[in-house]
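# Overview (structure and organization)
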Amino acid sequence: MNVLVQQSNLEALLQRHVKMAAEIKNLDTDLQMLVYENYNKFISATDTIKRMKTNIVGMEANMEQLLSKITSVQSRSDTVNTSLFDKRENIEKLHRTRNLLRKVQFIYDLPTRLNKCIKTEAYADAVRFFTGAKPIFEAYGDTSFHDCKKASEEAIDLVTQHLKTKLYSDSEPIESRAEAVVLLKQLNFPVDSLKSNLLEKLEDCLLNFQKEPTQASIGDISKTFRAYLIIFPDSEKRLIELAQALFSNRYETVRENLRKRIPSTYLLAMLRSLWEDATAIDEVIPEAALPAFSLETTRDIIRQHIATAFLHLQSEISDVLARTPSTSNGKLEESQLQTAMETSKVKVLQGCIDLLQEFHHLIDGNTELLVKLRDLVIDWVQEGFQDFFQKLDGHFHMLSGRSKSPSQEMESVQIDKVPTALVLMLAQLCVFIEQTAIPKVTEELASSFSGGGARSYEYGPPFVPGEICRLYRSSGEKFLHHYINMKTQKISKLLNKRFTTPVWIKHKEPREVNMFVDLLLLEFNGVVSEVKQVLPGLIRRHRHSDSTGSTTSSRSNPMREDMLNRSNTHRARSQFLENHLAKLFEQKMEIFTKVEYTQESVISAVLKLCLKSLQEFVRLQTFNRSGFQQIQLDMEFLKTSLKEFVDDEAAISFLLKEVNNAAHERCLDPIPLEPPILDKLISAKLAKIKEQSPNMQ
């Protein structure tokens, strides 16, 4: 009350008062009802006592009359017993004599009875007859019953031999064999000496069962265990070991089958059969704890099955990528790489969908085994996809020749042996996985594999699609840049070798475009062939040059027309000054922009890097007038040949100009070719190319 007064306001106290008044009223009503009920019971008891008093009246006289009659009957019974005593003693004596004679007759007939039992294989009756007569043989076997005893023992020895034969016979049912052991024990045969032999036969039976298990045979084994426990109560420990060894070996067989990549339905059929067998044996030997062992082992097997399925899918994807065609003579057959790209995408997406459908069998069922493992299977599937995509990303890096980290345990591939087309395919495949495969897998997991939660919350959710998407976005960019670098390094090495071979300071007057230009275009055609089949976007051809680009005809260049009116020496000095003044005042051009997953972007990036490398090679040489003019001719021809492949024509024109300027700066006598000669040489080269390739436009 003190707490209630301190913590409650007036309204709460009034409500409490009303509630207590109602409770008091209810209690008063209940008390009144109890009083009424007890009063009724009291009245009923009073009436019952009155009736009892009425019924007892006159009973005493009846009891005295009954007592006198019982006394009279007893006296007459004593008279009869006295008169018949002598006859009864004689009858009992004759009865005992008759029983003795029947036993004697049974003893004399025992050999005949035993032989009949042997013929009819009624061994239980034979044992019962012999054990019944055994006390008489022990007491009087050396007197008049000697011949009967000897014949009976010979017959019972034959019975013992038949029982032992039945015990060791594999064709006999287990009930008959157990009955044989019981009968042998009744004959005091040392059956314990047979225990080791019988257990060995049981081991052989279990071994045969492992090879060809059937539902009928597990029932026989269950009956066998039950019979052994009855016959040999002290063999329980050995039977437990045999049962555990049996199921350990059977589950090991299932593990071996996992290496063959068996379907989930087939695996579940084997596990369900094992679970039912373990439950049947558990009813006989619960101490073996086979259901708990089966559940734990099934957990490991299903987890191994899921992990194996993901490993096989990764291996299949790797096999598809390993068959990626490589460039031959700078070209690929039409749609060959595109077909390999589509095959890789289908293998990734369809492989994930097929796994989801197969794993759905592991949680689709109401059997006790599946219900117990459902949440764990859901977590394992989600964890499996998380781990699969992470390992697949690492495998992509290994295939590309670059390891993600020094600590990563994977065999690195030599970068010079990695097909560049494979690296480009890996970049595009990463984009496909990020944008298509991951959302599809996430959707399927949400619809069919929701729930789980068996893993600890401290580890976080098992499948994090955002993390996987970021991983493949980063890897895709790395592969794309890796492809550009590989192509650039390859082309740069070839250019360096070709470019450093001539002695430029003693170069002869240019007659045609240099061989390194043909080499550059050949390698570049290989890049175009790969990129066209893997990356989206169309290469625009026959475009008119923009205001910042060069034209296809050198005659349309007003600078060259102006150079016609100058002398060679004055023109060279003036061009040198103009170039330097132009660099001071021209707007800074952004050459190397972000690379996108498009044909134009990748082709432009490769070409820009190659031209930048070419500029550096030029800066390391010293040219005479003819050498400088050769570079001028080569760059002008490249300007005409390359603009149909690139999207950023202005940047390419700028880089070609930079190469030309570098040669100008390193030339001892930088006098350019006359425009008519330049146009003539370029036209001759184009005609020669057209003649070699009639289909080229």
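Please read these numbers as outputs of a predicted model, since none were measured by experiment.

Time to look at the overall build of the protein chain. Secondary structure assignment for the protein chain yields 22 helices and zero strands. Going through the 697 residues of the protein chain one by one, you find that 40% of them count as buried. Considering only contacts in the protein chain between residues 6 or more positions apart, those separated by 24 or more positions represent 80%. Counting every atom, the protein chain has about 40700 Å² of accessible surface; 53% of that belongs to carbon and sulfur.

All right, on to the confidence of the model for the protein chain then. The predicted model of the protein chain has a mean per-residue pLDDT of 80, with 82% of residues at 70 or higher. Across the protein chain, the element-wise mean pLDDT spans from 40 in helix α17 (residues 558-563) up to 92 in helix α14 (residues 420-448). Low pLDDT, under 50, characterises residues 405-413; the stretch is placed with 11 contacts to residues that sit more than four places away or in other chains. A low-confidence stretch, residues 539-570 (pLDDT under 50), is modelled with 56 contacts involving residues beyond four sequence positions or located in other chains.

What follows covers the packing of helix α20 (residues 625-642) against helix α21 (residues 649-665). It is the contact of α20 with α21, at a shortest axis distance of 9 Å, that shows an interaxial angle of 175°. Relative to α21, the element α20 lies roughly antiparallel. Packed against α20, whose contacting residues are Phe-628, Ile-631, Gln-632, Met-635, Leu-638 and Lys-639, the element α21 presents Ser-653, Leu-656, Val-659, Asn-660, Ala-663 and His-664 at the interface. Class assignment for the residues of the contact of α20 with α21 results in seven nonpolar, four polar and one charged.

If you check α14, its first and last C-alpha atoms are 39 Å apart, about what 29 residues at 1.5 Å a residue would give, namely 42 Å. Roughly 45° is the biggest bend found in α14, and it falls at Ile-433.

Bringing helix α16 (residues 515-534) into the picture now. Under the 1.5 Å per step criterion, the end-to-end length of α16 is 29 Å for 20 residues, consistent within 8% with the ideal 28 Å. Within α16, 15 of the 20 residues are buried, which leaves it mostly tucked inside the rest of the structure.

A word on a nonpolar patch on the surface. A cluster of nonpolar residues, Met-52, Ile-56, Met-59, Met-63, Leu-66 and Ile-70, forms a patch on the protein surface that exposes about 600 Å² of accessible area. For the nonpolar patch, the secondary structure elements donating two or more residues are α2 (10-56) and α3 (59-120). The leading source of residues in the nonpolar patch is α3, at four residues. Inspection of the secondary structure puts Ile-56 in helix α2.

With that settled, the discussion passes to the nonpolar core. One finds Phe-385, Phe-389, Phe-396 and Ile-433 to be the most contacted residues of the largest nonpolar core, which totals 160 residues. Mapped onto the domain boundaries, this core takes at least three residues apiece from domain 1 (304-401 + 416-486) and domain 2 (501-535 + 578-690). Not counting the four nearest positions on each side in its chain, Phe-389 is found in contact with Cys-352, Ile-433, Ile-438, Val-441, Phe-463, Ile-468, Leu-471 and Tyr-472.

Moving on to unusual backbone geometry. Positive phi outside glycine occurs at Glu-121, with the angle close to 60°. Note that Glu-121 resides in the loop between α3 and α4 (123-140). Its identity as a non-glycine residue notwithstanding, Ala-289 has a phi of 55°, on the positive side. Looking at where Ala-289 falls in the secondary structure, it is placed in the loop between α10 (264-282) and α11 (290-322).

Conventions used here
Residues numbered from 1 in each chain as written. Predicted model: local features only at pLDDT ≥ 70, side-chain atom pairs only at ≥ 80, totals over all residues. Heavy atoms only, no water. Helix = DSSP H or I, 4+ residues; strand = E, 2+ residues; numbered from the N terminus. Buried < 20%, exposed > 50% of the residue type's maximum accessible area, 1.4 Å probe, protein only. Contact = heavy atoms within 4.5 Å. Areas by Shrake-Rupley, 256 points an atom, 1.4 Å probe, with all protein chains shown as cover. pLDDT = per-residue confidence, 0-100. Axes fitted to C-alpha atoms, helices over the stretch in contact; angles between N-to-C directions. Parallel < 35°, antiparallel > 145°, perpendicular 65-115°, else oblique. Nonpolar A, V, L, I, M, F, W, Y, C, P; charged D, E, K, R; others polar. Expected span 1.5 Å × (residues − 1). Bend = angle between axes of the 7 residues up to and from the residue. Patch = residues over 30% accessible without salt bridge, like charges linked within 9 Å, V, L, I, M, F, W, Y side chains within 5 Å. Salt bridge = Lys/Arg side-chain N within 4 Å of Asp/Glu carboxyl O. Core = buried A, V, L, I, M, F, W, Y, C linked by side-chain atoms within 4.5 Å. Domains from an automatic or database assignment.

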